[in-house]
Amino acid sequence: MTTHSGTALRSRPAASPAASPAASSRAGAADRDHAVELLGDAYGAGYLTKEEFDERLDLATRARHHAEFDGLLADLPPRLRTSRDRARRRARKARAARLGVRIHAGVYAGMSLLMVAVWLAVGRSTGAWYPWPIWPVLGWGVGVLGHAVPVTLATRVRERRETF
């Protein structure tokens, strides 16, 4: 098969379902979307002409088996695939870090309220109103800030890099 620009696509013939289980595994919508993203990245980086991109895009959206993607993506630089995967991993790590900060802050707030409630109960029953909860609340607050500030700064720096 050749493209409009005259270059040959290195496509393998689609495997028949009886050939082998690995070659005949069905491709889903997520697989087609991933192939379309990679083709878009390749076109945007100048690895494909408009005609090649259009032809491969059409084939990728109609692909039914994973083997059909091999010919469409085989001649593209591997770094296109790994850079997108790396970006996804970074985004997952950033979401996990932000979730960790939210959990830490939530536990901090809950325990601080519990300490204040104990202080009020003890003060009311004994008449001793020394504000002892301030010390663990302040100490733990420093720990929460020490966790939240680096995560927030790293997220903002990463977002700025991605916008430029």
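Provided above is the structure to which this section pertains.
Residues numbered from 1 in each chain as written. Predicted model: local features only at pLDDT ≥ 70, side-chain atom pairs only at ≥ 80, totals over all residues. Heavy atoms only, no water.

Peer 1: Just checking my understanding: could you explain the overall build of the protein for this structure?
Peer 2: Within the protein, the secondary structure is distributed over five helices and zero strands. The order of α-helices and β-strands along the protein, N terminus first, is α-α-α-α-α. Sequence-distant contacts, at least 24 apart, represent 66% of the contacts inside the protein between residues at least 6 apart. For the protein, the accessible area works out to roughly 11000 Å², and carbon and sulfur atoms hold 63% of it. (Helix = DSSP H or I, 4+ residues; strand = E, 2+ residues; numbered from the N terminus. Contact = heavy atoms within 4.5 Å. Areas by Shrake-Rupley, 256 points an atom, 1.4 Å probe, with all protein chains shown as cover.)

Peer 1: What is the right way to read the nonpolar core from this model?
Peer 2: Generally speaking, a soluble globular protein has its nonpolar side chains buried in company with each other. Core analysis: the largest hydrophobic core is formed by 14 residues, its most contacted members being Leu39, Leu48, Phe69, Leu73 and Leu76. When contributions to this core are tallied by element, the ones reaching two or more residues are α1 (29-44), α2 (50-62) and α3 (67-73). Residues within four places of Leu76 in sequence aside, it is in contact with Leu38, Leu39, Ala42, Leu48 and Arg56. (Core = buried A, V, L, I, M, F, W, Y, C linked by side-chain atoms within 4.5 Å. Buried < 20%, exposed > 50% of the residue type's maximum accessible area, 1.4 Å probe, protein only.)

Peer 1: Where do I start with the environment of Phe53 in this structure?
Peer 2: With respect to the helices and strands, the residue Phe53 is situated in helix α2. Residue Phe53 is classed as buried on the basis of its relative accessible area, which comes to 13%. Along the backbone, Phe53 and Leu39 are 14 residues apart, and their C-alpha atoms lie at a distance of 6.8 Å. Every residue in contact with Phe53, bar those within four places of it in the chain, is listed here: Leu39, Gly40, Tyr43 and Leu48.

Peer 1: Would you mind showing me how to read the pattern of salt bridges here?
Peer 2: Side-chain pairs of opposite charge can arise where the charged atoms are in close proximity. By the definition in use, this model includes four salt bridges. A salt bridge links Glu37 to Arg88, with the shortest nitrogen-to-oxygen separation between them at 2.7 Å. In this pair, Glu37 sits in helix α1 while Arg88 sits in helix α4 (residues 78-126), placing the two residues 51 residues apart along the sequence. Using a relative accessible area of 30% as the deciding quantity, one classes Glu37 as partly exposed. Classification of Arg88 by relative accessible area gives partly exposed; the value is 35%. Between Arg56 and Asp75 there is a salt bridge, and its shortest N-O distance comes to 2.8 Å. (Salt bridge = Lys/Arg side-chain N within 4 Å of Asp/Glu carboxyl O.)

Peer 1: Looking at this structure, I do not really get the packing of α1 against α4. What am I missing?
Peer 2: Two measures define how a pair of helices packs: the angle their axes make with one another and the distance between the axes. It is the contact of α1 with α4, at a shortest axis distance of 10 Å, that shows an interaxial angle of 115°. In terms of axis orientation, α1 runs roughly perpendicular to α4. Classified by chirality, the crossing of α4 by α1 is right-handed. Contacts between α1 and α4 involve His34, Glu37, Leu38, Asp41 and Ala42 on the former and, on the latter, Leu80, Arg81, Arg84, Asp85 and Arg88. Considering only residue class, the contact of α1 with α4 consists of three nonpolar, one polar and six charged. (Axes fitted to C-alpha atoms, helices over the stretch in contact; angles between N-to-C directions. Parallel < 35°, antiparallel > 145°, perpendicular 65-115°, else oblique. Left-handed = near helix turned anticlockwise from the far one by under 90°. Nonpolar A, V, L, I, M, F, W, Y, C, P; charged D, E, K, R; others polar.)

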